[in-house]
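# Structure assessment
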Amino acid sequence: MECQEEKPIIYTMENKPIVTCAGDQGLFTSLYTSLAQQLPREPMEWRRTYGRAPKMIHLEANFVQFKEELLPKEGNKALLTFPFLHIYWTDCCDTESYKSTVKEDMMRWQNSLRTHSSPDWVIIVVETNDTKKKNKTNILPRSSIVDKIRSDFCNKQNDRCVVLSDPLKDSSRSQESWNSLLLKLRTLLLMSFTKNLGRFEDDMRTLREKRTQPGWSFCEYFMVQEELAFVFEMLQQFEDALVQYDELDALFTQYVLNFGAGDTANWLGSFCLPVRNWSGLLLRRPIDMEKRDGIQRGEASLLDLRSYLFSRQCTLLIFLQRPWEVTQRALELLHNCVQELRLLEVSVVEGALDCWVFLSCLEVLHRIEGCCDQAQLAANCSHTVGLWAYATDKLKSLGELCGLVSEKGPTSEDLNRTVDLLAGLGDERPETVNSLQSPYKKLKEALSSVEAFERHYLELSHAAMEMYRAIGRLRSARLVGKSLAEFYMRKGDPERADKFLQEALKSYVSEGWSLPVTHTRRQIAECQKLLGRTEEYLQTSALLAGDVNLTTEERNHFCQEILTFTGKTGDQSHKVTLSMSVFTQLTRLQFHPATASVHSGAVLQVELTLRCLMPVTVHIQQLGAIIHFDLDHGGTLGRAKGARRQTKPGTIEFTQSNSAAGPHTFSSLAAGPSLELDEIQDRSPTDNSLNSTGVVCKNTHLLMRRHDSTSPPDTPNCISPPTVSMKEGAQMLKVQDVTLEPGNNSITFTAPSGQPGTYTLRQLCATVGEVQFVLPHIYPSVRYEVYSQEPQLTVEPLSEPLLAGLPQMVKFTLLTGHYAVKKGDALQLSNTDTMPLLPSTSCTACISSPTEDSVRESILSIQSSEKVTSISLPATPPYHTLEFQLEVLCIIPSGAERPPNERLTNGEVRHRPRSYSHPDTPMTAIDQRMSIDCPWSIYSTLLALTFYIPFKTKHALLSAGNRKYIQVCVQNVSEVNFTLAEVKLVKKQQASLELQSLSTKTQQLLCSKHSVFCLWEVRWKDDLPSCLQCVFSASFSPSNQDVSASKPFHYQFQLERVTTLYSVRAEILPPAGEQNCRSGFLCGLEVCITRLTEPAEGELAEESKTDTDGLKTTKLMYEVADSSSNWAVCGKSSGMVSMPMTANATHKLQIEVMPLFAGHLPFPKIKVLKYLPHTAAVAIQPDPDSCVENDSLSLLDKTLDDQADTASIRSRGSVHSVGSGEPQQKGVAMPRLEPFSPGQVFNHSHARQVLVLPATDDHIMEVNAT
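Calculation rules
Residues numbered from 1 in each chain as written. Predicted model: local features only at pLDDT ≥ 70, side-chain atom pairs only at ≥ 80, totals over all residues. Heavy atoms only, no water. Helix = DSSP H or I, 4+ residues; strand = E, 2+ residues; numbered from the N terminus. Buried < 20%, exposed > 50% of the residue type's maximum accessible area, 1.4 Å probe, protein only. Salt bridge = Lys/Arg side-chain N within 4 Å of Asp/Glu carboxyl O. Disulfide = S-S within 2.5 Å. Patch = residues over 30% accessible without salt bridge, like charges linked within 9 Å, V, L, I, M, F, W, Y side chains within 5 Å. Areas by Shrake-Rupley, 256 points an atom, 1.4 Å probe, with all protein chains shown as cover. Pairing = 2+ DSSP bridges. Axes fitted to C-alpha atoms, helices over the stretch in contact; angles between N-to-C directions. Polar contact = N/O pair within 3.5 Å; in protein donor to acceptor, adjacent residues only side chain to side chain. Left-handed = near helix turned anticlockwise from the far one by under 90°. Contact = heavy atoms within 4.5 Å. Nonpolar A, V, L, I, M, F, W, Y, C, P; charged D, E, K, R; others polar. Phe/Tyr/Trp six-rings, centres within 6.5 Å; stacked < 30°, edge-to-face > 60°. Lys NZ or Arg CZ within 6 Å of the ring centre and 35° of its normal. Expected span 1.5 Å × (residues − 1). Arc of directions from axis to C-beta. Right-handed = clockwise from strand over helix to strand, strands pointing away. Parallel < 35°, antiparallel > 145°, perpendicular 65-115°, else oblique.

### Regarding unusual backbone geometry
Looking along the chain, the bond that leaves histidine 592 and enters proline 593 is cis, with omega of 5°. In this structure, proline 593 sits in the loop between strand E9 (584–592) and strand E10 (597–599). The omega torsion of the bond from glutamate 800 to proline 801 falls at -5°, within 30 degrees of zero and hence cis. Here proline 801 shows up in the loop between strand E21 (792–797) and strand E22 (802–803). With a phi angle near 55°, arginine 1057 is a residue other than glycine that sits in the positive phi range. Within the secondary structure layout, arginine 1057 lies in the loop between strand E40 (1047–1056) and strand E41 (1062–1069). With a relative accessible area of 33%, arginine 1057 lands in the partly exposed category.

### Some thoughts on the pattern of salt bridges
Under the counting rule described, the total for this entry stands at 44 salt bridges. Among the salt bridges present, the one from arginine 322 reaches glutamate 325, with a minimum N-O distance of 2.8 Å. Relative accessible area serves as the criterion here: at 26%, arginine 322 is assigned to the partly exposed category. For glutamate 486, the salt bridge is made with lysine 396, and the minimal N-O distance between the two is 2.9 Å. With glutamate 486 in helix H17 (residues 474–490) and lysine 396 in helix H13 (residues 381–401), this pair connects stretches of sequence that are 90 residues apart. Judged by its relative accessible area of 8%, lysine 396 is buried. Three or more residues joined by partner-sharing salt bridges are found here, namely Glu239, Asp246, Arg322, Glu325 and Arg329.

### Quick notes on the state of the cysteines
Under the criterion given, the structure shown has zero disulfides. Not engaged in a disulfide, the cysteine cysteine 969 finds its nearest cysteine sulfur in cysteine 1014; these two sulfurs lie 8.8 Å apart. Note on cysteine 969: relative accessible area 5%, which makes it buried.

### Structural notes on a nonpolar patch on the surface
On the surface, Leu675, Leu677 and Val695 cluster together into a nonpolar patch covering about 320 Å² of accessible area. Following the sequence through the fold, valine 695 ends up in strand E15 (residues 690–697).

### Comments concerning the sheet that holds strand E33 (residues 951–960)
Read from one edge of the open sheet, four strands run E33-E34-E38-E36, paired in antiparallel fashion. What marks the edges here is a single partner per strand, and that holds for E33 and strand E36 (993–997). On average, adjacent strands in this sheet sit at an angle of 25° to one another, irrespective of strand direction.

### Considering the environment of serine 514
Residue placement: serine 514 occurs in helix H19 (residues 514–531). You can call serine 514 buried: its relative accessible area is 6%. Serine 514 sits 35 residues away from asparagine 549 along the chain, and the two C-alpha atoms are 7.9 Å apart. Within the local environment of serine 514, its side chain forms a polar contact with the side chain of asparagine 549, the two groups lying 2.6 Å apart.

### With respect to the packing of H17 against H19
Closest axis-to-axis distance for the H17/H19 pair is 12 Å, and the angle between their directions is 40°. Taken as a pair, H17 and H19 cross one another with a handedness that is left-handed. When H17 is examined against H19, the residues Lys482, Glu486 and Met489 are found in contact with a partner set consisting of His519, Thr520, Gln523, Glu526, Cys527 and Leu530. The class makeup of the residues in the contact of H17 with H19 is three nonpolar, three polar and three charged.

### Quick notes on the packing of aromatic side chains
Note on aromatic pairs: each is described by the distance of the centres and the angle between the planes. Evaluation of the coordinates by the stated rule reveals 41 aromatic pairs. Considering the side-chain rings of phenylalanine 218 and phenylalanine 222, the 6.1 Å spacing of their centres and the 50° angle between planes classify their relative orientation as tilted. With phenylalanine 218 and phenylalanine 222 both in helix H6 (residues 218–234) and four residues apart, this pair spans about one turn of that helix. Judged by its relative accessible area of 0%, phenylalanine 222 falls in the buried class. Note on tryptophan 267 and phenylalanine 271: the rings are 6.2 Å apart at their centroids and 90° apart in plane angle, and the pair reads as edge-to-face. The pair tryptophan 267 / phenylalanine 271 is uniform in exposure class, with both members buried. Counting every residue linked through ring pairs, the aromatic cluster contains Trp216, Phe218, Tyr221, Phe222, Phe252, Tyr255, Trp267, Phe271 and Tyr308. Note that arginine 160 overlies the ring of tryptophan 121, its terminal NZ or CZ placed 5.5 Å from the centroid.

### Quick look at the side chain of serine 974
Tracing the backbone through its elements, the reader meets serine 974 in the loop between strand E34 (963–972) and strand E35 (978–987). One polar contact links serine 974 to asparagine 972, side chain to side chain, over a distance of 2.8 Å. The residues contacting serine 974, other than those within four sequence positions of it, are Leu803, Met923, Pro950, Ser1008 and Lys1009.

### A word on helix H14 (residues 412–423)
Its twelve residues place the ends of H14 17 Å apart at the C-alpha level, agreeing with the 16 Å of an ideal helix rising 1.5 Å per residue. Along H14, the residues that are buried comprise Asp414, Arg417, Thr418 and Leu421. For H14, the arc enclosing every buried residue in end-on projection is 105°, short of the 170-degree limit, so these residues lie on one face. Exposed positions of H14 whose direction lies more than 90 degrees from the buried face are Ser412, Asn416, Val419 and Ala423.

### Remarks on the environment of glutamine 1041
Along the chain, the position of glutamine 1041 falls in the loop between strand E39 (1027–1038) and E40. It is 9.1 Å that separates the C-alpha atoms of glutamine 1041 and phenylalanine 978, two residues lying 63 residues apart in sequence.

### A word on the pairing of strand E6 (residues 121–127)
Here is the key point about a regular strand: its side chains alternate between the two faces of the sheet. Of all seven residues making up E6, seven are buried, and the element is well covered by its neighbours. Across the two faces of E6 the burial is the same, with Trp121, Ile123, Val125 and Glu127 and Val122, Ile124 and Val126 all buried. Strand direction decides the pairing type here: strand E5 (residues 83–90) and E6, joined by five bridges, are parallel. Bridge pairing links histidine 86 to tryptophan 121 in E6. Once the chain exits E5 it traverses helix H2 (residues 95–115) before rejoining the sheet at E6, and the crossover so formed is right-handed. Bridging between E6 and strand E7 (residues 161–165) involves five bridges; their strand directions are parallel. In the strand pairing of E7, valine 126 is matched with leucine 164.

### As for the packing of H6 against helix H7 (residues 238–260)
In the contact formed by H6 and H7, the axes pass within 7 Å of each other and the chain directions differ by 165°. One way to sum up the angle between H6 and H7 is to call them roughly antiparallel. In terms of crossing hand, the pair formed by H6 and H7 is left-handed. The segment H6 lies against H7, with Phe218, Tyr221, Phe222, Gln225, Glu226, Leu228, Ala229, Phe230, Phe232 and Glu233 engaging Phe238, Asp240, Ala241, Gln244, Tyr245, Glu247, Leu248, Leu251 and Phe252. Each residue belonging to the contact of H6 with H7 can be placed in one class, and the counts come to 13 nonpolar, two polar and four charged.

### Some points on the sheet that holds strand E25 (residues 844–848)
A sheet is described by the order of its strands in space; here five strands give the open sequence E21-E23-E29-E25-E26, paired in antiparallel fashion. Edge positions in the sheet fall to E21 and strand E26 (855–859), since each has one partner strand and no second. Across the sheet, the mean angle from the axis of one strand to that of its neighbour is 25°, orientation sign disregarded. With three bridges joining them, E25 and strand E29 (residues 881–889) adopt antiparallel strand pairing.

So, in structure tokens, the structure goes:
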């Protein structure tokens, strides 16, 4: 490589690390090409300090001839001119040459490096075969030249001497030698890089830490850190280079912000000088040396510094293939520069900043277009549209400043200002001279004439709007359109301006911007007035008159515009119809009465509260409310339905979202109307039971409307004047001559209530001269109901529950409905024996109105006959309530035979009431029905009352041998305490019987939930009849009342088979030789069954059987069982006995039993049952369910007849059939077991006990006590 003259360093990315070459320059020149090509091929891992992540880099080098002037001087911190490595080249193999010339040259080279503290060097010795052959006689025999060089110069660093063998030959040895050399050079170069770069960063960090000291200069520090950025760019580490510029950007921004806060720095004074040039950004050069020199000299302005800094960031971002970040940073830069100039109070010519911003926007856009194709630009227009819009806005400002927007054109002063602005742009840059669409030419052409400005401005505006629409930013597009509308207004074209203003108003209203809405409406009103759109202008004027964002004078002006039009006399047939919500707001509606439901013909008043939005008093000729009538929804249940519909009875609040109410109400507008839900039910037409239920939305048409459509007509923030109309032919509430003051006003209507049905308020209409203000929809819906109710008669107890047997008060309630009760009308009640009406000396009826504000009383006339009770009613107006009370008595049924059926007054058969158990109370309930004939109906009204019997009565037959006793238990199951008196038990038809009471008290207190037992002994002279019919009677009264007011109570019952037929006696005999029984030892149980009476005729026919001796016998079955497990029955526990049917006939049984415990043990239970053979009732069809299971009996019927006690039979239930294990056919008579009635068998040993001693005399005795 030939030596070249030193040139000034150009700071571009083509710079490479400097490597000096000393020694044989011809030798290096021959190897330069191969060395320069092969050095960057393999990457090296660069490990940096401070824990930064390692990176793989490709090292390149700029090889220059060694000169001592290239070595760094003291204090020189430039990295780009710093030689990172020094190489000495030699191919000397001759000893004499080495000693005479090469060694001395190497020593001079090393001394120079040592003098300038450059420790990064290497000696390369090139060996070739030709050199060896040529100097073969002078080669050292023992040590080579390489060894000599290492001993002379590399005593401690032998790796600093590298041998390159045959570099120009294509051999493996040559390639291996090259690879070793290249690896060594890369390693040494990277080590030098790391060391010197780390030292440079430390020095830079030290310099930055001195920034608080006096005399510190940002420009000097800028050049130092940019030097580091250049080095990273030289190594193609663009991300690290970008970080350096970002740090400089952040540091300068912080100083500017501190200056604005009062913390000044001396070096900022140079950036506060007035701006003399505003040529915009320059992004077409890698480095703007002109601006860099100005920064280095400290003469750059704020715009120069920002422009140069951004141009370097832009270059690096393009290298990093991040062009869209350039647009984002550019937009931030342009806005920040404007603010920084204000903070630093820099003097700028008016319009200069607009020129700089406009040129910079277009420069960035052109730079991006140069590195991206059209498809990429279209797909990423969201990144560039901000610059288009900003450039459009600045061009508009320049046009207004230079007089290019007004209708008259620019003045001389405007022309002078334009010349000054163009002069500040300077000459066009060489890079854009040949470009026809350069930013410089566009700005100069736009400011040259009105037509050129309009063309450029419209082009930019439409391009920005199209981009905003393409990316879905309609609000921004409409904002640009609004600016375009202002341009058209200044140009005198209101028709085009109105279109863009309406679009902008949509966005402001939907998003709730209060002040922009007001401002835009004023502009729209101006357009409409110029275009002569009267109705639209009046609508907008009404909106502005009620807008509190305007001053009082402005509101009065727009209100006067409306009043002026209303005072004009013109065509009466055509009136201007406007939306009422811009004129006045319906805030509250209140019904009187509050139920919003009245009967036909009643008075219903509707009170409206209107809030007038006008700033002055307005006189209304007529205020009307249109009503829709629906006949299907009316009915007798109107009162209940109307009361249920209103959450707050009679009052409906209307929420408003008007701009006049303030900015905070716009959130409710954006949210839309709330859900209005109603319940629907599907009921069965037969029994009115609920089949299904659901919810329906009644305002779907409001909720499901498109979001981008205009607001509903009744919305006060409507974009354009809505189309409103009055419904013809509908009923209307009218009020004449109403004066509305600003604020709330109350107006009262009298609603029609002649025809039953549902009346819905649909519209409001206010007439002011030639203008009608219409509210087309009242939301939420408001309705009231007029009903025609049928008369209703109900009866209900005054107190719960109604007790049978005692006088009880019940209340009759008559809702007259549409019927007017005339004098002489009467209720005809059918009398019943089970619930008679008690006579009363006086009965008063109360008559009340629906509102219950007037109550009067009247005396009722009651007349009773045998079958009917007539109640004469007082005259009562329609829709009033008539109430009176009667005393009734429900007779407690005694269980007697039912009399023949009676018939009611209407001819129907009266059904006797039956008692039944109620699930909610222990008392027995009785439903008493009454039939009432009413004068308003040809049909009888059936009403029911439920009474409860306060007592539960049961009886029992007790026996003591042949003596009989009857016990009656009366239980009080109610909550009332009673007193029982005159307790009696009488018999029917048996004159020979006598019932002797064993109770001594004449009166007994029967408390709630308690019982009273009464006992009578039955005595007879002749024979005791088999059946007894008895009647228990007593008088009862509540304990807190006098006994004289007692009411009778009867209870009839019948006792069957009361005669004692058999007596059973049992004895337990101890084992032989023992006086007492012992546990564990067998004892004898002797059972004696004795017939006490002669058989009756029925008994002979049913149970008797004649044996061979002609004696009548019957079969009994006995069973010995012990449920308490005290005894073990050994052997037969049951069997059959044949008992003669004569008095005093006796049968004895011997059974072995074993006591299981010691102590006084009760006797085992002995049960005697009737055994009815299969011939006893052949004609009876036995129930198969009464048969004994097949595994319970295995004896044939024949065996049972012949051998009465050969097996044990266990009875199951009251009546059992005994048969074989084979299946029985249905209808065949089988033997069965039947228990005796209570009292027919008397067991003398039922409660007896026997002493059982322990088996052994132990200290521990086990005693079982029961």
